[in-house]
Amino acid sequence: MTATVSVLLLALGVGTAEAADEPPDNLCVKRTLSGADVRASVRFAHTGQESTQVSSELDIKIPRTWMWAPYLLLSEDTEEYRTAMRCLMRSADVPMQYRDTEWQYRKPQVSADKVWITVRQRTVTWVSAQGDRDVGPWHIDAGDRYWALALAPPDALAGARWSEVRVDLGGEPARSVTPTPTVGTATALTWTTPAKSSLPPPEVRLLLQPPAAKANYARWSSYPWNVANTLAGLTWDLVVAALSLALVRALAHRPPLALPTAAEEATQRNLRLLVLVWLLITVVHSVDDHVFSALAQQVEHGGGGIWFTDHWERLTLAVSTALGLLLCCVGRPGRAATAAVTLTVGYVVTLVGWPELFGLPQRMYLYWVDDPAEVAAFADAGGAYWFALACAALIFVWLVGLVSTCLRLWRDSDPPPAGGPRSSGRFSPAVLAALALASCALPAAGMVATESWWDRVSWLAEQSDGTAYPAFHTAVVFNDQRWFPSNFLDWIPGYVWWWTTGLALVAVARAWRTAPGHTGETLLPSELAFLKVFFVVAVAPVVGWYGGVPLPLISLAVLWFALTALLAVGRRGAVLAREVTPGVPLHQVVGERHRTRLMNMARQHRELHAELRRLEQGQTEVERAAVERKLDRLHRWTPPNPRHPHERVPLPHSVGPVELALAWGPRAGWWDNACRAAAVAALVGLPANGVLLWMNHVRGNAWTDRFSQRFGFVEVAMNVASTELIYAGAGFALGALWRVLPGRRGPGRGCGVGLVYALPLLVDQLGNTLARQSGNNEVLDAAFTILILTVTGTILDIDTFRRERRYWPTRAGLLLSLYQMRSASAQIALFVAQLVALVTIWQQLSSDPPVVLIDHQGPIGTSPGGEGASGH
């Protein structure tokens, strides 16, 4: 009788004292949900993604009489809630649940009515590497050619009615399917179970062959393809380094106008040194993991007792710090910064050599199952904080090196002080303190991100008192944090190498300002070569990854061809390239000394044209002839002719005084024009930068994912800064090339440079379409850049006639006067067309959520069973 009452109470969810004392997971196994109704679906999305996205939906209707049903409505932080969810979602006999292959942006939704409690779970994963992964109740095994999909019902739902199971293969038919689906097509299959049926869940098994691009993406992350992937990605860096070194050699052997100044020699030497240093850093950060892995495998197979197997992470920390120290040697900071760097490097060396002094394990890995005592000792000694301090020291060394290097590059472009040494890379103690604070903030943000990631992957782990959860938590979180030095070294060069190299190139050009005999009014061939290399380094978009295969040289070749073609067209079609007499182009007879004359001629030209328009109604032939004679005189120029010094010849066809003044630009030399255009483009690009920030990092779930990425928020700031620098660099190139670009107005010149920038993006978009992957808003980026440079060109035209600004109430009035009616209509039509294109692109992009992968930084998370880092 007592046993019968106990069973009845248990069925009603009341339970007895003896039953309550039983482990919850055992009860979960014993009381399977035979009365539950389950609907499960999985969907593969191959198009519009870099890798295949797999989305799982699981809907469970649970009778209210189930013993754990009331706990589903409790807080997510209660142990009862986690126990109930663990019964429904996972294997019940594993209390320390951990799954880092699936992603859910919010916990399962729970709702109740009079009969049922419904649980809805939505999860997603990306098949970005070969191997096994779980998402919801599904198991995926991604092989070299085929992927296997299997339904793996949780233990508690083995006796439930699986009323509907749906599989959407994303347009790719399966190679094999078992059992035969109830209904569906070759790419969308459905299995149903009749009502009041006692059949077990269908043992769904599918074998599918993904698109070639998606299979390649997964394949190229495994050995030996990952090595080839790295080497292919290095081709961009090697080519850019070769171009930069060739430029330094060309500048050193160019025919000088005078002996090279000390600033020219210093900046060119700095550029050569910086390119070599960054090339070394790039090669090391690209191949270090492969080299260490190969050495470790050699040791494991009897290759010798080398240090690599058990001390991989310590060696990575040492190498990363050494590369930052190398950058400090380039920058040559002051005494205070050198002393601070010496202390931080000493701390890193001590931790690498004797980690036990700080409570860290020798192998930098915690085994919470096999050695819980070591985990406890690690926690008591604060090992995580000592390691975070080492990461802060690493960042501090790098920041000091970067700041001092940038200061040295810029200061060396100035003439050296009389009788004194150069200031090199010294900076104030206040800047040093700010760098120290930033160095501490980044590892702290990384620890917060790791904790956020941990909450997502272990939300079903049992956390009650007396369990192994504290050791489990401490071990897995530290095993993830230990990859910080490696991830930092993989992350930081991708941003700052082109920042510093671009600054070094600008410093070279800045040093030319003070060179004797160098007016900068016309571009020398060596300066044109310099601007082409600058455009590649500081402006060109680095694109060309198709199906995980890096092919960046395609975009580089397209950009180089487009830039060369633009300059070739300008060599013949630019206003200042037109010949005023045979063999004498305009740029040889027009100079800054003629600016006042040019402005007066242009103003008279516009006034006479306005008078002609007023005379169209009722004018006399005499009056019109007089105006035309004045216009004819304005269309003549005096070329250098020793025999006839006062001879005036007509200007080339379609070149008037206004076009001549606009072609000369707002400033005296090309350097000043470049600086002015860079400032304007950076200011004009701020709204576009804000839109791209929202599209790429804020919209949808993108902002939420930043909390789980080690460099998430810092990367947002770096991307914003990078976009702004690209706009400024594009403006610099536009202003520098202003006098050799085709086009009679600023918008035409700006549009030409914008098309050079956009062409590689459009080619890449075509490749993305063929590979059925995402374009990452590249079309919007190209449209924004063209519009920004077009507006910048217009502003430079207005700035050219800035002396007339006081005669016009608005800049728009001055602009219409400059462009005159017919040309102004064409420019307005160009602006309208660009705005319409932007609105269309915006409507298309804003309707689709952003593509966010689980982690771009490398191995965030390690296997809880102590098998090493997953996915590295």
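This structure is a prediction, so every number in the text was calculated from the model and none was measured. (Residues numbered from 1 in each chain as written. Predicted model: local features only at pLDDT ≥ 70, side-chain atom pairs only at ≥ 80, totals over all residues. Heavy atoms only, no water.)

Caption draft 1: Inspection of the packing of helix α21 (residues 670-684) against helix α26 (residues 778-800) at higher detail. Between α21 and α26, whose axes approach to 9 Å, the crossing angle comes to 130°. In terms of their interaxial angle, α21 and α26 are classed as oblique. The handedness of the crossing between α21 and α26 comes out as right-handed. Only Ile 788, Val 791, Thr 792, Ile 795, Leu 796 and Asp 799 of α26 make contact with α21, whose side of the interface consists of Arg 676, Ala 677, Val 680, Ala 681 and Val 684. (Axes fitted to C-alpha atoms, helices over the stretch in contact; angles between N-to-C directions. Helix = DSSP H or I, 4+ residues; strand = E, 2+ residues; numbered from the N terminus. Parallel < 35°, antiparallel > 145°, perpendicular 65-115°, else oblique. Left-handed = near helix turned anticlockwise from the far one by under 90°. Contact = heavy atoms within 4.5 Å.)

Caption draft 2: Expanded view of the state of the cysteines. Enumeration over the complete set of coordinates arrives at 0 disulfides. Here Cys 328 is not disulfide-linked; the sulfur of Cys 329 is the nearest cysteine sulfur, at 6.9 Å. (Disulfide = S-S within 2.5 Å.)

Caption draft 3: Inspection of unusual backbone geometry at higher detail. Of the consecutive residues Thr 178 and Pro 179, the connecting peptide bond is found in the cis state with omega at -15°. Checked against the element boundaries, Pro 179 lands in the loop between β9 (174-178) and β10 (183-184). Even without a glycine there, the phi angle at Met 364 is positive, about 55°. Residue class for Met 364 comes out buried when judged on its relative accessible area of 1%. The phi torsion at Arg 772 lies on the positive side, around 60°, for a residue other than glycine. Note on placement: Arg 772 falls in the loop between α25 (746-771) and α26. (Buried < 20%, exposed > 50% of the residue type's maximum accessible area, 1.4 Å probe, protein only.)

Caption draft 4: Focus on the environment of Glu 611. Looking at the element boundaries, Glu 611 is found in helix α18 (residues 595-614). In this structure the C-alpha to C-alpha distance between Glu 611 and Val 627, which are 16 residues apart in sequence, comes to 7.9 Å.

Caption draft 5: The arrangement of helix α24 (residues 712-736) in detail. Between its first and last C-alpha, α24 extends 36 Å over 25 residues, near the 36 Å set by a 1.5 Å rise per residue. Most of α24 sits inside the fold, with 19 of its 25 residues counted as buried. (Expected span 1.5 Å × (residues − 1).)

Caption draft 6: Summary view of the nonpolar core. If you look at the biggest cluster of nonpolar residues, it comprises 113 residues, and the most contacted ones within it are Trp 398 and Phe 488. At 10 residues, the largest contribution of residues to this core is made by helix α11 (residues 383-411). The contacts of Trp 398, once residues within four sequence positions are left out, are Trp 278, Ile 281, Ser 320, Leu 323, Gly 324, Leu 327, Phe 488, Leu 489 and Ile 492. In this structure, Ile 140, Leu 157, Val 165 and Val 167 belong to the second largest nonpolar core, which totals 46 residues. (Core = buried A, V, L, I, M, F, W, Y, C linked by side-chain atoms within 4.5 Å.)

Caption draft 7: Local environment of the pairing of strand β8 (residues 161-168). Looking at chain direction, strand β1 (residues 37-45) and β8 are connected through 7 bridges and run parallel. Opposite Ala 40, over in β8, you have Val 165 as the bridge partner. The pairing of β8 with strand β11 (residues 188-192) spans 5 bridges and is classified as antiparallel. Pairing of Glu 164 across the sheet is with Thr 192, part of β11. (Pairing = 2+ DSSP bridges.)

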